[in-house]
Amino acid sequence: LPLGELHHLIDDALKKMPQVQGARLTLDAAMETFLTNCQKQAQELGDQYTTLEHVLLELATTQTLPQSIKQFFTQHGFTKSAILNHMQVIRKGKT
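Keep in mind that what you see is a predicted model, and the values were worked out from it rather than measured. (Residues numbered from 1 in each chain as written. Predicted model: local features only at pLDDT ≥ 70, side-chain atom pairs only at ≥ 80, totals over all residues. Heavy atoms only, no water.)

Engineer: How would you explain the side chain of His 54 if you had to name every residue and give the values?
Structural biologist: Structurally, His 54 is set in helix 3 (residues 52–61). Relative accessible area serves as the criterion here: at 0%, His 54 is assigned to the buried category. In this structure the side chain of His 54 is engaged in a polar contact, spanning 2.7 Å, whose partner is the side chain of Asp 47. Setting aside anything within four residues of it in sequence, one finds His 54 in contact with Cys 38, Gln 41, Ala 42, Leu 45, Asp 47, Tyr 49 and Arg 91. (Helix = DSSP H or I, 4+ residues; strand = E, 2+ residues; numbered from the N terminus. Buried < 20%, exposed > 50% of the residue type's maximum accessible area, 1.4 Å probe, protein only. Polar contact = N/O pair within 3.5 Å; in protein donor to acceptor, adjacent residues only side chain to side chain. Contact = heavy atoms within 4.5 Å.)

Engineer: Give a description of helix 4 (residues 67–75) that names residues and reports values.
Structural biologist: Among all positions of helix 4, only Ile 69, Phe 72 and Phe 73 are buried. All buried residues of helix 4 project into a common sector of 95° when viewed along the axis, lining one side. For helix 4, exposure combined with an orientation more than 90 degrees from the buried face picks out Thr 74 and Gln 75. As for helix 4, its buried residues are in contact with helix 1 (3–15) and helix 3. (Arc of directions from axis to C-beta.)

Structure representation (C-alpha coordinates):
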(Lines give C-alpha, C1' and ligand atoms only; values in the text may rest on other atoms or scores of the structure.)
Protein backbone atom coordinates (compact mmCIF):
# COMPACT_ATOMS: atom_id res chain seq x y z
CA LEU A 1 0.00 0.00 0.00
CA PRO A 2 1.24 3.53 -0.73
CA LEU A 3 1.40 4.67 2.90
CA GLY A 4 1.89 8.36 2.09
CA GLU A 5 -1.41 8.43 0.22
CA LEU A 6 -3.16 6.52 3.01
CA HIS A 7 -1.72 8.93 5.60
CA HIS A 8 -3.11 11.88 3.61
CA LEU A 9 -6.57 10.27 3.39
CA ILE A 10 -6.61 9.57 7.13
CA ASP A 11 -5.53 13.14 7.94
CA ASP A 12 -8.32 14.51 5.75
CA ALA A 13 -10.89 12.25 7.43
CA LEU A 14 -9.69 13.23 10.92
CA LYS A 15 -9.92 16.94 10.10
CA LYS A 16 -13.60 16.47 9.23
CA MET A 17 -14.42 14.90 12.58
CA PRO A 18 -15.77 16.95 15.47
CA GLN A 19 -13.22 18.01 18.06
CA VAL A 20 -13.68 18.32 21.80
CA GLN A 21 -11.45 20.21 24.20
CA GLY A 22 -11.32 20.02 27.97
CA ALA A 23 -13.27 16.79 28.18
CA ARG A 24 -12.35 13.34 29.37
CA LEU A 25 -11.47 11.01 26.54
CA THR A 26 -13.66 7.94 26.12
CA LEU A 27 -14.41 5.54 23.30
CA ASP A 28 -17.49 6.30 21.26
CA ALA A 29 -19.95 3.58 20.27
CA ALA A 30 -18.41 3.15 16.80
CA MET A 31 -14.94 2.51 18.25
CA GLU A 32 -16.31 0.10 20.84
CA THR A 33 -18.09 -1.80 18.06
CA PHE A 34 -14.91 -1.81 15.97
CA LEU A 35 -12.84 -3.26 18.83
CA THR A 36 -15.53 -5.84 19.61
CA ASN A 37 -15.49 -6.88 15.96
CA CYS A 38 -11.69 -7.19 16.10
CA GLN A 39 -12.14 -9.61 19.00
CA LYS A 40 -14.68 -11.55 16.93
CA GLN A 41 -12.17 -11.76 14.07
CA ALA A 42 -9.70 -13.31 16.53
CA GLN A 43 -12.29 -15.77 17.84
CA GLU A 44 -13.24 -16.83 14.30
CA LEU A 45 -9.62 -17.74 13.67
CA GLY A 46 -9.32 -19.55 16.99
CA ASP A 47 -6.85 -17.00 18.33
CA GLN A 48 -6.64 -16.33 22.04
CA TYR A 49 -5.53 -12.69 21.74
CA THR A 50 -6.60 -9.81 19.54
CA THR A 51 -3.63 -8.56 17.50
CA LEU A 52 -2.89 -6.17 14.67
CA GLU A 53 -3.84 -8.95 12.25
CA HIS A 54 -7.40 -8.85 13.55
CA VAL A 55 -7.48 -5.05 13.41
CA LEU A 56 -6.40 -5.23 9.75
CA LEU A 57 -9.09 -7.82 9.02
CA GLU A 58 -11.73 -5.60 10.58
CA LEU A 59 -10.46 -2.53 8.71
CA ALA A 60 -10.86 -4.49 5.48
CA THR A 61 -14.49 -5.37 6.25
CA THR A 62 -15.94 -2.50 8.28
CA GLN A 63 -18.47 -0.23 6.63
CA THR A 64 -17.78 2.71 8.95
CA LEU A 65 -14.64 4.01 7.22
CA PRO A 66 -14.85 7.18 5.13
CA GLN A 67 -15.59 6.44 1.48
CA SER A 68 -12.18 7.75 0.36
CA ILE A 69 -10.36 5.22 2.54
CA LYS A 70 -12.65 2.36 1.47
CA GLN A 71 -11.95 3.24 -2.17
CA PHE A 72 -8.20 3.37 -1.46
CA PHE A 73 -8.33 -0.10 0.10
CA THR A 74 -10.33 -1.46 -2.84
CA GLN A 75 -7.93 0.05 -5.39
CA HIS A 76 -4.95 -1.54 -3.68
CA GLY A 77 -6.40 -5.00 -3.02
CA PHE A 78 -6.69 -4.53 0.75
CA THR A 79 -9.34 -7.20 1.31
CA LYS A 80 -10.09 -9.74 4.00
CA SER A 81 -9.14 -12.50 1.58
CA ALA A 82 -5.77 -10.90 0.76
CA ILE A 83 -5.00 -10.39 4.45
CA LEU A 84 -5.93 -13.98 5.27
CA ASN A 85 -3.65 -15.18 2.47
CA HIS A 86 -0.75 -13.17 3.90
CA MET A 87 -1.54 -14.47 7.38
CA GLN A 88 -1.34 -18.05 6.09
CA VAL A 89 2.14 -17.36 4.74
CA ILE A 90 3.29 -15.69 7.96
CA ARG A 91 1.71 -18.37 10.13
CA LYS A 92 2.99 -21.11 7.83
CA GLY A 93 -0.54 -22.27 6.93
CA LYS A 94 -1.94 -22.20 10.47
CA THR A 95 -4.90 -19.78 10.14
